[in-house]
Amino acid sequence: IPSGAPAQPMSDAETRQGALNRAKGAAHSHPGHDLYFGIEGGIEEDSSKVMHCFAWIVVLRSGEKPVESASRTSTFALPEAIMCLVRGGMELGDADDEVFKRRNSKQGDGTVGHLTNGLIDRTSYYVQAGIMALIPFVQE
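The notes below deal with the structure included here. Within each chain, residues carry numbers counting from 1 in the order of the written sequence. The predicted origin of the model limits local features to residues at a pLDDT of at least 70 and limits the giving and counting of side-chain atom pairs to 80 or more, whereas totals for whole chains, interfaces and linings rest on all residues. Hydrogens and water are ignored here; the side-chain numbers use all heavy atoms of the structure.

Another aspect to go through is the overall build of the chain. Counting from the N terminus, the helices are DSSP H or I runs at least four residues long and the strands are E runs at least two residues long. Helix and strand counts for the chain come out as six helices and four strands. The C-alpha radius of gyration of the chain comes to 16 Å, within 12% of the 14 Å expected for a compact globule of 140 residues. Its C-alpha atoms give the chain principal-axis dimensions of about 50 × 30 × 30 Å. Across the 140 residues of the chain, 36% fall into the buried class. Contacts were defined at the residue level, with two residues in contact if any of their heavy atoms lie within 4.5 Å. Taking contacts inside the chain between residues at least 6 apart in sequence as the whole, the part at least 24 apart equals 46%. Only the C-alpha atoms count toward the radius of gyration. The rule for a globule is 2.2 Å times the residue count to the power 0.38. Exposure is judged per residue with a 1.4 Å probe applied to protein chains only, and the accessible area is read against the type maximum: over 50% gives exposed, under 20% gives buried, and values in between give partly exposed.

Strand pairing is defined by DSSP finding a minimum of two bridges between the two strands. Of the pairings in the sheet, the one linking strand β2 (residues 51-61) to strand β3 (residues 67-72) comprises six bridges and is antiparallel in character. Residue pairing for β3: L60 is matched across the bridge by E68. Taking the residues that link successive antiparallel strands as the turn, the β2-β3 hairpin has five residues, and the phi of G63 there is positive, at about 100 degrees.

So, about the environment of V67. If you trace the backbone, V67 turns up in strand β3. Placed 52 residues apart in sequence, V67 and L119 show a C-alpha to C-alpha distance of 33 Å. The contact partners of V67, leaving out residues within four places of it in the chain, are V59, L60, R61, P136 and F137.

What follows concerns a nonpolar patch on the surface. Only residues whose relative accessible area exceeds 30% and that form no salt bridge are eligible for patches; like-charged ones are grouped when within 9 Å, while nonpolar side chains (Val, Leu, Ile, Met, Phe, Trp, Tyr) are grouped when within 5 Å. Accessible surface is estimated by sampling points in the Shrake-Rupley manner with a 1.4 Å probe; for residues, cover comes only from the protein chains shown. Whenever a carboxyl oxygen of Asp or Glu lies within 4 Å of a side-chain nitrogen of Lys or Arg, that contact is scored as a salt bridge. Taken together, the side chains of V127, I131, M132 and I135 make up a nonpolar region of the molecular surface, amounting to roughly 340 Å² of accessible area. A total of three residues in the nonpolar patch trace back to one element, the largest contributor, which is helix α5 (residues 122-133). Here I131 lies in helix α5.

So, on to the packing of aromatic side chains. Each Phe, Tyr or Trp ring (for Trp, its six-membered ring) is paired with any other whose centre lies within 6.5 Å, and the angle between the two planes then decides the class: stacked below 30 degrees, edge-to-face above 60, tilted in between. This structure, assessed with the given rule, holds two aromatic pairs. Taken together, a centroid distance of 5.8 Å and an interplanar angle of 75 degrees make the contact between F76 and Y125 edge-to-face. Of this pair, F76 sits in strand β4 (residues 76-77) while Y125 sits in helix α5; the two residues are 49 residues apart in sequence, bridging distant segments of the chain. Looking at Y125, the relative accessible area reads 9%, which means it is buried. Here the aromatic cluster, defined as three or more aromatic residues joined through ring pairs, consists of F76, Y125 and Y126. Directly above the aromatic system of W56 lies the positively charged group of R16, at a separation of 5.2 Å from the ring centroid. Ring-over charges, as used throughout, are those where CZ of Arg or NZ of Lys falls within 6 Å of the ring centre and within 35 degrees of the ring normal. The ring centre of F54 lies 4.0 Å from the NZ or CZ of R72, which sits over that ring.

So, to be careful, I would describe these as geometric facts and stop short of saying anything about function.
Here it is, written out as structure tokens:
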């Protein structure tokens, strides 16, 4: 599902909107389900010019009792070599592949997997935020 966000979202707002657009797109494309999820990864540069990586997860329920919930993953700082490439217009996954001499890392363990030596991979990185986004549904 397209996010409608830039190929590399560069702000918290762009990233959250991308996740929301993905969830809405899933609801539109596949009606009749209870919940719809959207995930979007992004980067934001702080006042010290350090880029931090994160993702938003949005969960939607439509119908009689519509609910929208969202949660953000933890963040981590990107290495200088990756920040330079991203500032030059490269997407994070491609920058990761170039700097760390890998292929298709964004479909594998992701940047977080490489930087944590496999302690946290792309999938486990999203789990806690996904659970937090489900809180309103768990509490019904």
